[in-house]
Amino acid sequence: MVEYQIRFTTSAANEFRRLPDHIKDEAELVIEGLKKNPRPFGVRKLKGHNRLYRIRIGQYRLVYEIDDKTKLVRVTRVRHRREVYR
């Protein structure tokens, strides 16, 4: 099985660095899991977008795009749930 590559947008990388440590640890585990299965149980597709998905990490949301042709997962946002969809 081919693993997906994980890439962060510049803004998502900055958001990730500013996360609280306990959320960052949990997010790292989730991101590692996305390499093998980019659509795990609990993931939701965002309405109005063809390739955007979100996954819950406590009170935070990780929003990412899946490109199956190039086997790439691009993380676009990592924010608190009240701010992520703005």
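Caption draft 1: Representation of the confidence of the model for the protein chain in the model. On average, the protein chain scores 93 in pLDDT, and the residues at 70 or more come to 100%. When mean pLDDT is taken per element in the protein chain, strand β1 (residues 5-8) scores highest with 97 and strand β2 (residues 44-45) scores lowest with 94.

Caption draft 2: How the structure looks around the side chain of E65. In this fold, E65 is placed in strand β4 (residues 60-67). For E65, the side chain forms a polar contact with the side chain of R51, separated by 2.7 Å. The contacts of E65, once residues within four sequence positions are left out, are R51, L52, L72, V73 and R74.

Caption draft 3: Looking closely at helix α1 (residues 10-17). Listed in full, the buried residues belonging to α1 are A12, A13, E15 and F16. Buried residues along α1 cover an arc of 160° about the axis, so they all sit on one side. With respect to the buried face of α1, the exposed residues turned more than 90 degrees away are T10 and R17.

Caption draft 4: Inspection of the pairing of strand β3 (residues 52-57) at higher detail. Here two bridges tie β2 to β3, and the two strands are oriented antiparallel to one another. Bridge pairing links R44 to R54 in β3. If you look at the hairpin formed by β2 and β3, you'll find six residues sitting between the two strands, and G48 has a positive phi there, around 85°. Here six bridges tie β3 to β4, and the two strands are oriented antiparallel to one another. By the bridge assignment, R54 is partnered in β4 with V63.

Caption draft 5: Inspection of the packing of aromatic side chains at higher detail. Counting across every chain of the model gives two aromatic pairs. When the ring of F8 is compared with that of F16, the centres are 5.6 Å apart and the planes differ by 50°; the resulting orientation is tilted. Here F16 falls in the buried class, since its relative accessible area comes to 13%. A centroid spacing of 6.1 Å and a plane angle of 25° characterise the contact between Y53 and Y64, whose relative ring orientation is stacked. Of the two residues, Y53 sits in strand β3 while Y64 sits in strand β4, which places them 11 residues apart along the sequence. The exposure classification of Y53 matches that of Y64, with both residues buried. Across the ring face of Y53, the terminal group of K45 is positioned such that the distance to the ring centre comes to 5.6 Å.

What counts, and at which threshold
Residues numbered from 1 in each chain as written. Predicted model: local features only at pLDDT ≥ 70, side-chain atom pairs only at ≥ 80, totals over all residues. Heavy atoms only, no water. pLDDT = per-residue confidence, 0-100. Helix = DSSP H or I, 4+ residues; strand = E, 2+ residues; numbered from the N terminus. Polar contact = N/O pair within 3.5 Å; in protein donor to acceptor, adjacent residues only side chain to side chain. Contact = heavy atoms within 4.5 Å. Buried < 20%, exposed > 50% of the residue type's maximum accessible area, 1.4 Å probe, protein only. Arc of directions from axis to C-beta. Pairing = 2+ DSSP bridges. Phe/Tyr/Trp six-rings, centres within 6.5 Å; stacked < 30°, edge-to-face > 60°. Lys NZ or Arg CZ within 6 Å of the ring centre and 35° of its normal.

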